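Breakdown of the fold
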Amino acid sequence: MDKDQILGTVSSIVAEICGVEKDAVNENSTVGDFPAWDSVGHLSILSKVEETYDISFEPEEMMEIEDVKDIVEAVYNILQK
Amino acid sequence: MGKFRDKVVCITGSDGGIGRVLSKKFAAEGATLILTSIADSPSFEDFVSELKSEYKVEVYPFFFDLTDEEAIKEGLKAIKALKLKIHVLINNAGIPHLAILPFTRMSDVRKVFQVNYFAQLQITQSLLSVIVKDGTGCILNAASIAGIDGDIGNSVYGATKASMILMTKVLSKELASSKIRVNAVAPGLTSTPFADAMGDKAKASMEQISSMGRMATPDEIANTYFFLASDDASFINGQVIRVDGGVK
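Keep in mind the model is a prediction, meaning the values are calculated, not measured.

1. Comments concerning the overall build of chain A
Each helix and strand counted, chain A has 4 helices and 0 strands in total. Starting at the N terminus and walking to the C terminus, you meet the elements of chain A as α-α-α-α. In terms of overall dimensions, chain A is globule-like: its C-alpha atoms have a radius of gyration of 11 Å, near the 12 Å expected for 81 residues. Referenced to the eigenvectors of the C-alpha coordinate spread, the extents of chain A come out at roughly 35 × 25 × 20 Å. Counting only residues that meet the buried cut, chain A has 42% of its 81 residues in that class. Residue pairs at least 24 apart in sequence account for 53% of intrachain contacts in chain A once pairs closer than 6 positions are excluded. Of the roughly 4,200 Å² of accessible surface on chain A, a fraction of 47% belongs to carbon and sulfur atoms.

2. Let's talk about the pattern of salt bridges
Pairing between side chains becomes possible if they bear opposite charge and their charged atoms approach one another. Throughout the structure, instances matching the rule amount to 14 salt bridges over all chains. Glu51 of chain A serves as the salt-bridge partner of Lys133 of chain B, at 3.9 Å between the closest nitrogen and oxygen. Separated into two different chains, Lys133 of chain B in the loop between α4 (106–131) and β5 (136–142) and Glu51 of chain A in helix α2 (residues 39–53) make up a pair that spans both. With a closest N to O distance of 3.4 Å, Arg105 of chain B and Asp108 of chain B form a salt bridge. Taking relative accessible area as the criterion, Asp108 of chain B reaches 23% and is therefore assigned partly exposed.

3. Focus: the interface of chain B and chain A
Taken residue by residue, the interface counts 14 residues in chain B and 17 residues in chain A. Carbon and sulfur atoms make up 53% of the surface buried where chain B meets chain A, a total of about 1,200 Å² over both sides. Per-residue buried area on chain B facing chain A is highest for Lys73, Ser129 and Val132 of chain B; these three make up 31% of the total on that side. At the junction of chain B and chain A, the tally comes to 4 salt bridges.

Definitions and limits used
Residues numbered from 1 in each chain as written. Chains lettered and ligands numbered in written order. Predicted model: local features only at pLDDT ≥ 70, side-chain atom pairs only at ≥ 80, totals over all residues. Heavy atoms only, no water. Helix = DSSP H or I, 4+ residues; strand = E, 2+ residues; numbered from the N terminus. Rg over C-alpha atoms; globule rule 2.2 N^0.38 Å. Buried < 20%, exposed > 50% of the residue type's maximum accessible area, 1.4 Å probe, protein only. Contact = heavy atoms within 4.5 Å. Areas by Shrake-Rupley, 256 points an atom, 1.4 Å probe, with all protein chains shown as cover. Salt bridge = Lys/Arg side-chain N within 4 Å of Asp/Glu carboxyl O. Buried area = accessible area lost by both parts, 1.4 Å probe.

Function cannot be read off these values alone, since they describe shape.
Laid out in structure tokens, this is it:
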């Protein structure tokens, strides 16, 4: 799976949880960009990403994730292992 | 139909006096249980089998030592691998400590803080993503009146419980945009092996300061957790509930 595919899926997840159009989400979208992307929204997004890819982020990895780009990178790295 | 049918309840320190009563109470109401304890034992295995056969519920036991950060991490990984949404997390595990400051070893201070606070924080942080999954749930923390009253000999244990109280209040605000409630239970001395570990002198002095002249029973404490975990407490958030029978 390449990063563009992951970006598409992650953007859909962010859009769904934040209640915005997918077009409004890009790789630079970050915590606070949408009202629903607060600390709880952030956890919900990461939880849904974990479920979608059947992976589990380490707490340390979670702390490094701030925007869509970070999520894509983290997913990609885990899937490469 | 149990009140907690289709709900998953995770209880740390589940092999202790209050932990076992809590496990039974939630099992009786149909909850799926994730139980953690420091180590397996024939007695705990019998307890788990009893819960499964008597209440026909799923029980998933996990064993890890709360003094070991890496062991906690591995244990949490295994819990998350169950892929279950956790509805109720009860941070119940803890170890006692009672000594006036000149007789307090720094190694004990570190150990008590590790088990009673740092481990609870690590567990809560790691499980947050599975608690927030569908936007409902609650976190209940084991505090103590020792963390509020500041009695002699409690500079360490009391400080760990005061930390749990603060974590409760902060987390209740941080999770405010969700429907996740965070509360704490602050028992007085309770009739459990934990109290026995405090020694007869401590038990006698606690009974003396109790308005009702006795220790709490584990059931009386578990009832409060159970209420706070239920929908009956749907508007109680960020609170610390004393269960001490009144103090003179």
